[in-house]
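# Report on the structure
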Amino acid sequence: QTCALPISPIHNVDPEILYVHITSVSTNIEIFYTQRLLFRKHSPLKIRRETPMSLQLGDTAPDFEADTTHGPIRFHEWKEGSWAVFFSHPKDFTPVCTTELGYTAALGDEFKARNVKAIAVSVDDVSDHNSWIGDIEETQSTTVNFPIIGDPERKIATLYQMIHPQANDTLTVRSVFIIDTNNKIRLTLTYPASTGRNFDEILRVIDSMQLTDSNKVATPVNWKQGEDVIISPSLSNDEAAELFPDGWDEVRPYLRITKHP
Ligand code: BEZ
(Lines give C-alpha, C1' and ligand atoms only; values in the text may rest on other atoms or scores of the structure.)
Protein backbone atom coordinates (compact mmCIF):
# COMPACT_ATOMS: atom_id res chain seq x y z
CA GLN A 1 0.00 0.00 0.00
CA THR A 2 1.34 3.43 -0.86
CA CYS A 3 0.06 6.65 0.65
CA ALA A 4 1.18 10.23 1.24
CA LEU A 5 1.58 11.35 4.86
CA PRO A 6 2.89 14.57 6.39
CA ILE A 7 5.75 13.55 8.68
CA SER A 8 8.38 15.43 10.58
CA PRO A 9 11.92 15.86 9.22
CA ILE A 10 14.05 12.80 8.82
CA HIS A 11 17.70 13.29 8.19
CA ASN A 12 18.61 14.71 4.79
CA VAL A 13 14.97 14.86 3.76
CA ASP A 14 12.89 18.03 3.35
CA PRO A 15 10.04 18.19 5.87
CA GLU A 16 7.43 18.09 3.15
CA ILE A 17 4.89 15.52 2.15
CA LEU A 18 6.72 12.25 1.57
CA TYR A 19 5.65 9.08 -0.07
CA VAL A 20 5.58 6.31 2.52
CA HIS A 21 5.55 2.70 1.46
CA ILE A 22 4.19 0.43 4.18
CA THR A 23 4.76 -3.28 3.91
CA SER A 24 2.90 -5.22 6.55
CA VAL A 25 4.83 -8.24 7.78
CA SER A 26 2.57 -9.81 10.32
CA THR A 27 2.66 -7.56 13.41
CA ASN A 28 5.74 -5.72 12.23
CA ILE A 29 5.52 -2.82 9.86
CA GLU A 30 8.46 -1.96 7.71
CA ILE A 31 8.37 1.65 6.60
CA PHE A 32 10.41 2.96 3.75
CA TYR A 33 10.55 6.67 3.14
CA THR A 34 10.84 7.95 -0.39
CA GLN A 35 11.53 11.58 -1.05
CA ARG A 36 9.07 12.85 -3.59
CA LEU A 37 11.62 14.89 -5.48
CA LEU A 38 13.84 11.85 -5.88
CA PHE A 39 10.99 9.48 -6.63
CA ARG A 40 11.46 7.57 -9.85
CA LYS A 41 8.68 5.51 -11.31
CA HIS A 42 10.38 2.13 -11.21
CA SER A 43 13.05 2.60 -8.54
CA PRO A 44 11.87 4.43 -5.42
CA LEU A 45 14.86 5.43 -3.30
CA LYS A 46 14.83 3.68 0.07
CA ILE A 47 16.30 6.19 2.48
CA ARG A 48 16.18 4.32 5.74
CA ARG A 49 14.22 1.71 7.65
CA GLU A 50 12.67 2.61 10.98
CA THR A 51 13.74 0.31 13.79
CA PRO A 52 12.54 0.56 17.38
CA MET A 53 14.98 1.61 20.10
CA SER A 54 16.17 -1.53 21.81
CA LEU A 55 15.83 -2.04 25.55
CA GLN A 56 19.23 -1.41 27.06
CA LEU A 57 21.02 -2.14 30.31
CA GLY A 58 20.00 0.40 32.95
CA ASP A 59 16.60 1.07 31.33
CA THR A 60 13.50 0.60 33.46
CA ALA A 61 11.87 -2.69 32.46
CA PRO A 62 8.51 -1.80 30.88
CA ASP A 63 5.55 -2.54 33.14
CA PHE A 64 2.57 -4.50 31.79
CA GLU A 65 -0.59 -6.33 32.79
CA ALA A 66 -0.97 -9.94 31.67
CA ASP A 67 -2.84 -13.18 32.15
CA THR A 68 -0.64 -15.92 33.49
CA THR A 69 -0.91 -19.48 34.69
CA HIS A 70 -0.95 -17.96 38.22
CA GLY A 71 -3.76 -15.50 37.37
CA PRO A 72 -3.63 -11.88 36.18
CA ILE A 73 -0.57 -9.85 37.19
CA ARG A 74 0.86 -6.37 36.90
CA PHE A 75 4.55 -7.02 36.34
CA HIS A 76 6.16 -4.41 38.64
CA GLU A 77 3.68 -5.17 41.41
CA TRP A 78 4.22 -8.94 41.03
CA LYS A 79 8.02 -8.62 41.35
CA GLU A 80 8.06 -5.87 43.95
CA GLY A 81 11.15 -6.16 46.15
CA SER A 82 12.60 -9.05 44.10
CA TRP A 83 14.89 -9.57 41.16
CA ALA A 84 13.21 -11.17 38.13
CA VAL A 85 14.36 -13.47 35.35
CA PHE A 86 11.91 -12.80 32.52
CA PHE A 87 12.39 -15.13 29.57
CA SER A 88 10.59 -15.96 26.33
CA HIS A 89 9.77 -19.23 24.61
CA PRO A 90 9.00 -19.53 20.92
CA LYS A 91 6.00 -21.86 21.31
CA ASP A 92 4.19 -24.28 23.63
CA PHE A 93 4.59 -28.05 23.19
CA THR A 94 8.08 -27.71 21.71
CA PRO A 95 11.00 -29.87 22.85
CA VAL A 96 13.75 -27.37 23.72
CA CYS A 97 11.31 -25.14 25.63
CA THR A 98 10.04 -28.15 27.56
CA THR A 99 13.56 -28.87 28.85
CA GLU A 100 14.26 -25.20 29.66
CA LEU A 101 11.06 -24.72 31.66
CA GLY A 102 11.63 -27.99 33.51
CA TYR A 103 15.18 -27.00 34.43
CA THR A 104 14.11 -23.52 35.55
CA ALA A 105 11.46 -25.10 37.80
CA ALA A 106 14.10 -27.43 39.28
CA LEU A 107 16.21 -24.36 40.13
CA GLY A 108 13.35 -22.90 42.21
CA ASP A 109 15.23 -23.08 45.52
CA GLU A 110 18.34 -21.50 43.94
CA PHE A 111 16.30 -18.56 42.65
CA LYS A 112 14.56 -18.17 46.01
CA ALA A 113 17.90 -18.11 47.85
CA ARG A 114 18.93 -15.17 45.65
CA ASN A 115 15.58 -13.29 45.98
CA VAL A 116 14.82 -13.90 42.30
CA LYS A 117 11.42 -14.67 40.75
CA ALA A 118 11.23 -16.46 37.40
CA ILE A 119 8.53 -15.66 34.85
CA ALA A 120 8.19 -16.95 31.28
CA VAL A 121 6.19 -15.78 28.27
CA SER A 122 5.17 -17.48 25.08
CA VAL A 123 2.80 -16.46 22.32
CA ASP A 124 0.15 -19.04 23.20
CA ASP A 125 -2.73 -18.64 25.62
CA VAL A 126 -2.91 -19.61 29.27
CA SER A 127 -5.08 -22.68 28.66
CA ASP A 128 -2.43 -24.05 26.26
CA HIS A 129 0.25 -23.29 28.86
CA ASN A 130 -1.71 -25.18 31.51
CA SER A 131 -2.00 -28.27 29.29
CA TRP A 132 1.69 -28.07 28.42
CA ILE A 133 2.72 -27.73 32.08
CA GLY A 134 1.36 -31.26 32.63
CA ASP A 135 3.80 -32.55 30.00
CA ILE A 136 6.70 -30.52 31.42
CA GLU A 137 6.14 -31.83 34.93
CA GLU A 138 5.79 -35.42 33.77
CA THR A 139 8.75 -35.49 31.38
CA GLN A 140 11.15 -33.31 33.42
CA SER A 141 10.16 -34.71 36.85
CA THR A 142 9.52 -31.32 38.41
CA THR A 143 6.76 -28.91 39.47
CA VAL A 144 6.44 -25.70 37.46
CA ASN A 145 6.33 -23.22 40.33
CA PHE A 146 6.50 -19.91 38.43
CA PRO A 147 3.99 -18.15 36.15
CA ILE A 148 3.92 -18.42 32.37
CA ILE A 149 2.35 -15.43 30.62
CA GLY A 150 -0.23 -16.00 27.91
CA ASP A 151 0.52 -13.64 25.04
CA PRO A 152 -1.45 -14.79 21.97
CA GLU A 153 -1.64 -11.21 20.70
CA ARG A 154 2.12 -10.80 21.17
CA LYS A 155 1.66 -7.55 23.11
CA ILE A 156 4.28 -8.34 25.71
CA ALA A 157 6.62 -10.04 23.25
CA THR A 158 6.45 -6.86 21.16
CA LEU A 159 6.89 -4.56 24.18
CA TYR A 160 10.10 -6.42 25.08
CA GLN A 161 11.22 -6.78 21.44
CA MET A 162 11.27 -10.55 21.69
CA ILE A 163 10.15 -11.02 18.08
CA HIS A 164 13.01 -10.66 15.60
CA PRO A 165 11.30 -10.68 12.19
CA GLN A 166 14.41 -11.69 10.26
CA ALA A 167 14.61 -14.84 12.42
CA ASN A 168 10.87 -15.53 12.60
CA ASP A 169 8.10 -12.99 12.18
CA THR A 170 5.56 -14.61 14.49
CA LEU A 171 7.41 -16.57 17.20
CA THR A 172 9.70 -15.09 19.82
CA VAL A 173 13.42 -15.71 19.97
CA ARG A 174 14.81 -16.97 23.29
CA SER A 175 15.21 -13.68 25.19
CA VAL A 176 16.27 -13.29 28.81
CA PHE A 177 15.95 -10.12 30.85
CA ILE A 178 17.40 -10.02 34.34
CA ILE A 179 15.74 -7.15 36.20
CA ASP A 180 16.80 -5.93 39.62
CA THR A 181 14.78 -4.87 42.67
CA ASN A 182 14.60 -1.29 41.28
CA ASN A 183 13.09 -2.61 38.02
CA LYS A 184 16.28 -1.81 36.08
CA ILE A 185 17.34 -4.12 33.27
CA ARG A 186 20.69 -5.57 34.32
CA LEU A 187 21.30 -8.22 31.66
CA THR A 188 19.85 -9.20 28.30
CA LEU A 189 20.49 -12.39 26.33
CA THR A 190 19.15 -13.44 22.94
CA TYR A 191 19.42 -17.03 21.73
CA PRO A 192 17.99 -18.62 18.59
CA ALA A 193 15.01 -20.95 18.83
CA SER A 194 17.10 -24.05 18.15
CA THR A 195 19.54 -23.52 21.06
CA GLY A 196 18.50 -24.04 24.67
CA ARG A 197 19.89 -21.53 27.16
CA ASN A 198 22.21 -22.30 30.08
CA PHE A 199 20.27 -21.49 33.24
CA ASP A 200 23.30 -22.27 35.42
CA GLU A 201 24.93 -19.29 33.67
CA ILE A 202 21.93 -17.15 34.59
CA LEU A 203 22.41 -18.05 38.26
CA ARG A 204 26.16 -17.39 37.95
CA VAL A 205 25.61 -13.92 36.53
CA ILE A 206 23.06 -13.09 39.25
CA ASP A 207 25.67 -14.12 41.85
CA SER A 208 28.18 -11.79 40.20
CA MET A 209 25.76 -8.85 39.97
CA GLN A 210 24.60 -9.19 43.57
CA LEU A 211 28.21 -9.45 44.79
CA THR A 212 29.48 -6.52 42.72
CA ASP A 213 26.49 -4.36 43.72
CA SER A 214 27.48 -4.55 47.36
CA ASN A 215 31.30 -4.74 47.14
CA LYS A 216 33.93 -2.77 45.23
CA VAL A 217 34.88 -5.79 43.14
CA ALA A 218 34.41 -7.26 39.66
CA THR A 219 34.40 -10.94 38.73
CA PRO A 220 36.87 -12.46 36.23
CA VAL A 221 36.31 -14.82 33.33
CA ASN A 222 34.32 -17.96 34.19
CA TRP A 223 34.13 -16.86 37.85
CA LYS A 224 31.89 -18.88 40.15
CA GLN A 225 30.48 -18.06 43.59
CA GLY A 226 33.20 -18.34 46.25
CA GLU A 227 36.16 -17.87 43.90
CA ASP A 228 38.68 -15.00 43.99
CA VAL A 229 37.57 -11.62 42.65
CA ILE A 230 39.14 -8.50 41.11
CA ILE A 231 39.43 -5.27 43.11
CA SER A 232 37.55 -2.50 41.33
CA PRO A 233 40.00 -0.50 39.18
CA SER A 234 38.37 2.70 40.48
CA LEU A 235 39.92 2.12 43.93
CA SER A 236 43.41 3.43 44.72
CA ASN A 237 45.73 1.10 46.63
CA ASP A 238 45.16 3.17 49.80
CA GLU A 239 41.39 2.79 49.46
CA ALA A 240 41.76 -0.93 48.64
CA ALA A 241 43.90 -1.48 51.76
CA GLU A 242 41.01 -0.26 53.92
CA LEU A 243 38.42 -2.46 52.23
CA PHE A 244 40.62 -5.54 51.76
CA PRO A 245 42.87 -5.67 54.87
CA ASP A 246 44.01 -9.22 53.99
CA GLY A 247 45.65 -7.77 50.88
CA TRP A 248 45.75 -8.86 47.25
CA ASP A 249 47.93 -10.30 44.53
CA GLU A 250 49.01 -7.44 42.24
CA VAL A 251 49.39 -9.15 38.85
CA ARG A 252 49.45 -5.71 37.23
CA PRO A 253 48.61 -2.35 38.88
CA TYR A 254 45.18 -2.61 37.17
CA LEU A 255 44.72 -6.33 37.92
CA ARG A 256 44.54 -6.96 41.67
CA ILE A 257 43.16 -10.33 42.76
CA THR A 258 41.71 -10.78 46.22
CA LYS A 259 39.68 -13.37 48.13
CA HIS A 260 35.89 -13.45 47.75
CA PRO A 261 34.67 -10.84 50.25
C1 BEZ B 1 11.86 -25.91 20.67
O2 BEZ B 1 11.56 -25.40 21.74
O3 BEZ B 1 12.22 -27.07 20.60
C4 BEZ B 1 11.81 -25.12 19.39
C5 BEZ B 1 10.89 -24.10 19.24
C6 BEZ B 1 10.85 -23.40 18.05
C7 BEZ B 1 11.72 -23.70 17.02
C8 BEZ B 1 12.66 -24.73 17.20
C9 BEZ B 1 12.70 -25.44 18.38
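Preceding this paragraph is the structure being described.
In this text the structure is predicted, and so the values were computed from the model without any measurement.

## A short note on helix H6 (residues 199-214)
Across its 16 residues, H6 extends 23 Å between first and last C-alpha, which sits within 8% of the 22 Å expected from 1.5 Å per residue. Inspection of H6 places Phe199, Ile202, Leu203, Val205, Ile206, Asp207, Ser208, Met209 and Leu211 among the buried residues, and these make up the whole buried set. N-capping of H6 is provided by Asn198, with a side-chain oxygen placed 3.0 Å from the backbone N of Asp200.

## As for unusual backbone geometry
Backbone geometry at Gln161 places phi at a positive 50°, although glycine is not the residue there. Relative to the helices and strands, Gln161 resides in the loop between helix H5 (155-159) and strand E9 (174-179). Its identity as a non-glycine residue notwithstanding, Asn222 has a phi of 55°, on the positive side. Tracing the backbone through its elements, the reader meets Asn222 in the loop between strand E11 (217-218) and strand E12 (229-231).

## Quick word on the sheet that holds E12
Overall, antiparallel pairing links the 4 strands, which are arranged E11-E12-E14-E13 in an open sheet. If you trace the sheet from one side to the other, it starts and ends with E11 and strand E13 (249-252), each paired once. Pairing geometry for E11 and E12, over 2 bridges, is antiparallel. Across the sheet, residue Ala218 finds its bridge partner in E12, namely Ile230.

## Quick word on the environment of Val126
By the secondary structure assignment, Val126 is in helix H4 (residues 126-140). In this structure the C-alpha to C-alpha distance between Val126 and Thr69, which are 57 residues apart in sequence, comes to 5.8 Å. In this view, Val126 contacts Asp67, Thr68, Thr69 and Gly150; residues no more than four positions away in its chain are not counted.

## Structural notes on the pattern of salt bridges
Taken as a whole and assessed by the stated rule, the structure comprises 12 salt bridges. Measuring nitrogen to oxygen at the nearest pair gives 3.0 Å for the salt bridge that ties Glu100 to Arg174. In this pair, Glu100 is assigned in helix H2 (residues 95-106) and Arg174 in strand E9, connecting sequence segments 74 residues apart. Arg174 shares its class with Glu100; the two are buried. The salt bridge involving Glu110 is made with Arg114; its shortest N-O contact spans 2.8 Å. For Glu110, a relative accessible area of 36% translates into the label partly exposed. By relative accessible area, which is 15% here, Arg114 ends up buried.

## A look at the site of the ligand
For the ligand, the full set of nearby residues is Pro90, Thr94, Pro95, Val96, Cys97, Arg174 and Ala193. In this structure, Pro95 approaches the ligand through a main-chain N or O atom, which is 3.2 Å from an oxygen atom. Val96 has a polar backbone atom sitting 2.7 Å from an oxygen atom of the ligand. Burial of the ligand by the protein chains amounts to 75% of its free accessible area of 260 Å². It is H2 that contributes the most residues to the shell around the ligand, 3 residues altogether. Residues belonging to the shell around the ligand are distributed by class as follows: 5 nonpolar, 1 polar and 1 charged.

Cut-off values and rules
Residues numbered from 1 in each chain as written. Predicted model: local features only at pLDDT ≥ 70, side-chain atom pairs only at ≥ 80, totals over all residues. Heavy atoms only, no water. Helix = DSSP H or I, 4+ residues; strand = E, 2+ residues; numbered from the N terminus. Expected span 1.5 Å × (residues − 1). Buried < 20%, exposed > 50% of the residue type's maximum accessible area, 1.4 Å probe, protein only. Polar contact = N/O pair within 3.5 Å; in protein donor to acceptor, adjacent residues only side chain to side chain. Pairing = 2+ DSSP bridges. Contact = heavy atoms within 4.5 Å. Salt bridge = Lys/Arg side-chain N within 4 Å of Asp/Glu carboxyl O. Near = heavy atom within 4 Å. Areas by Shrake-Rupley, 256 points an atom, 1.4 Å probe, with all protein chains shown as cover. Nonpolar A, V, L, I, M, F, W, Y, C, P; charged D, E, K, R; others polar.

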